[in-house]
Amino acid sequence: MGKIVAIVNQKGGVGKTTTAVNLTAGLGLKHKKVLLVDIDPQGNSTSGFGISKKETTYSSYDLICSDKPAKDIIIHTKFKGVDLIPSSMDLAGAEIELSSMDDRANRLKSALSFVREDYDFILLDCPPSLGLITLNALTATDTFLVPIQCEYFALEGLSQLMATMRQVKRSYNPTLEIEGVLLTMYDGRLNLTQQVVGEIKKFFGKKLYTSVITRSVRLSEAPSFGLPIQYYDQRSKGADCYNNLAAEFIKKNK
């Protein structure tokens, strides 16, 4: 049975979608079968794999808000080991629809239960908010991975996020655990970076990945070509970072 991992941070611009796309691709290249579920209305993970949202018939909106089976929505991508459930703009109004449903927190969990056995890992790219869509992800997931930008305000958002996780664990998902914390946009030359790293290590200990994602121009360019970094420039620093993360991720999940 595949492990479900939500990639979540209510703060935008921390490398959440970049991590979703490139970790998925990295796991696929390491012979894992991976499904990425894009539940962010912006749909950047979808376009990050070269899929046009306008050309998709069904999306994660149908997965959550209708009874459309996951197998009818999954797109088999051209990238090794990678399948995708795309996003659509319809998701932007999904929270209003979900609010009137009796099982509103369990829609995604129920939908994914039919395809879990087909994959080694199912990754969820969550929206940058703590609304009903993210609640669905946290109810469905086994663990959650938190990308954190190396800046002071990241620590403030982190305490709010962890408070939400404790509440979800009490009310909806008693087995919810943290998968790991990933440092993004890392620059080891800055004193502030070292201070942030020190604080996060104190708080999370071994849950902090030793792999870090450094700033990289090539990493920023790759999405505009609809390619994960490993396919855009396999020799780049960004590709090395995410390949290292994929290896560490697999090792921790043996």
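Just so it is clear, the structure is predicted and the values come from calculations on it, not from any experiment. (Residues numbered from 1 in each chain as written. Predicted model: local features only at pLDDT ≥ 70, side-chain atom pairs only at ≥ 80, totals over all residues. Heavy atoms only, no water.)

Asker: How do you make sense of the pairing of strand β2 (residues 34-38) when you look at a structure like this?
Answerer: Side-chain direction in a regular strand flips from residue to residue, so the side chains alternate between the two faces of the sheet. Most of β2 sits inside the fold, with five of its five residues counted as buried. Judged by which residues are buried, β2 turns out to be covered on both faces: Val 34, Leu 36 and Asp 38 on one side and Leu 35 and Val 37 on the other are all buried. Pairing of β2 with strand β5 (residues 121-125) involves five bridges; the strand directions are parallel. Its bridge partner lying in β5, Val 37 is registered against Leu 124. (Buried < 20%, exposed > 50% of the residue type's maximum accessible area, 1.4 Å probe, protein only. Helix = DSSP H or I, 4+ residues; strand = E, 2+ residues; numbered from the N terminus. Pairing = 2+ DSSP bridges.)

Asker: Sorry, what's going on with the pattern of salt bridges here?
Answerer: Any two side chains of opposite charge can pair, on the condition that their charged atoms come close. Across all of its chains, the model carries twelve salt bridges by this definition. Residue Glu 177 is joined to Lys 169 by a salt bridge in which the shortest nitrogen-to-oxygen separation is 2.8 Å. By relative accessible area, which is 41% here, Glu 177 ends up partly exposed. According to the relative accessible area criterion, Lys 169 is partly exposed, its value standing at 30%. Note that Arg 218 is salt-bridged to Glu 221, the shortest N-O span being 2.9 Å. Linking Arg 218 with Glu 221, this pair stays in helix α9 (residues 217-221), spanning three residues, or about one helical turn. Residue classification places Arg 218 among the partly exposed positions, given a relative accessible area of 33%. A relative accessible area of 27% means that Glu 221 is categorised as partly exposed. Taken together, the salt bridges that share partners define one network made up of Lys 16, Asp 40 and Asp 125. (Salt bridge = Lys/Arg side-chain N within 4 Å of Asp/Glu carboxyl O.)

Asker: Is there a simple way to explain helix α1 (residues 16-29) in this structure?
Answerer: Residues spaced three or four apart along an α-helix face the same direction, because each turn holds 3.6 residues. In a regular helix each residue adds 1.5 Å, so 14 residues correspond to 20 Å; α1 covers 20 Å between its end C-alpha atoms and thus fits that length. Burial of α1 is extensive: twelve of the 14 residues sit out of reach of the surface. Taken together, the buried positions of α1 are Lys 16, Thr 17, Thr 19, Ala 20, Val 21, Asn 22, Leu 23, Thr 24, Ala 25, Gly 26, Leu 27 and Gly 28. His 31 sits one or two residues past α1 and shows a positive phi near 70 degrees. (Expected span 1.5 Å × (residues − 1).)

Asker: How should the sheet that holds strand β8 (residues 208-214) be read in this particular structure?
Answerer: Sheets are built from strands that pair by backbone hydrogen bonding, the pairs being arranged parallel or antiparallel. A sheet is described by the order of its strands in space; here eight strands give the open sequence β3-β4-β2-β5-β1-β6-β7-β8, paired in mixed fashion. Across the chains shown, the open sheet's two edge strands, defined by having one partner strand only, are β3 (75-76) and β8. Contacts from α1 reach β1 (3-7), β2, β4 (82-85), β5, β6 (143-149) and β7 (177-186) within the one sheet, and its direction differs from that of β5 by about 165 degrees. Against the sheet, helix α8 (residues 191-204) contacts β6, β7 and β8, and its axis sits at roughly 175 degrees relative to β7. (Contact = heavy atoms within 4.5 Å. Axes fitted to C-alpha atoms, helices over the stretch in contact; angles between N-to-C directions.)

Asker: I keep staring at the nonpolar core and nothing clicks. Help me out?
Answerer: For soluble globular proteins, nonpolar side chains are generally found buried alongside one another. One finds Val 37, Leu 63, Leu 108, Leu 112, Ile 122, Leu 124 and Phe 144 to be the most contacted residues of the largest nonpolar core, which totals 53 residues. Those residues in contact with Leu 63 that sit more than four places away from it in its chain are Val 37, Lys 68, Ala 70, Ile 73, Ile 85, Leu 108, Ala 111 and Leu 112. In terms of nonpolar packing, the next biggest core, distinct from the first, is built from 32 residues, Val 5, Phe 49, Leu 84 and Phe 249 among them. (Core = buried A, V, L, I, M, F, W, Y, C linked by side-chain atoms within 4.5 Å.)

Taken by themselves, the reported measurements are silent on function.
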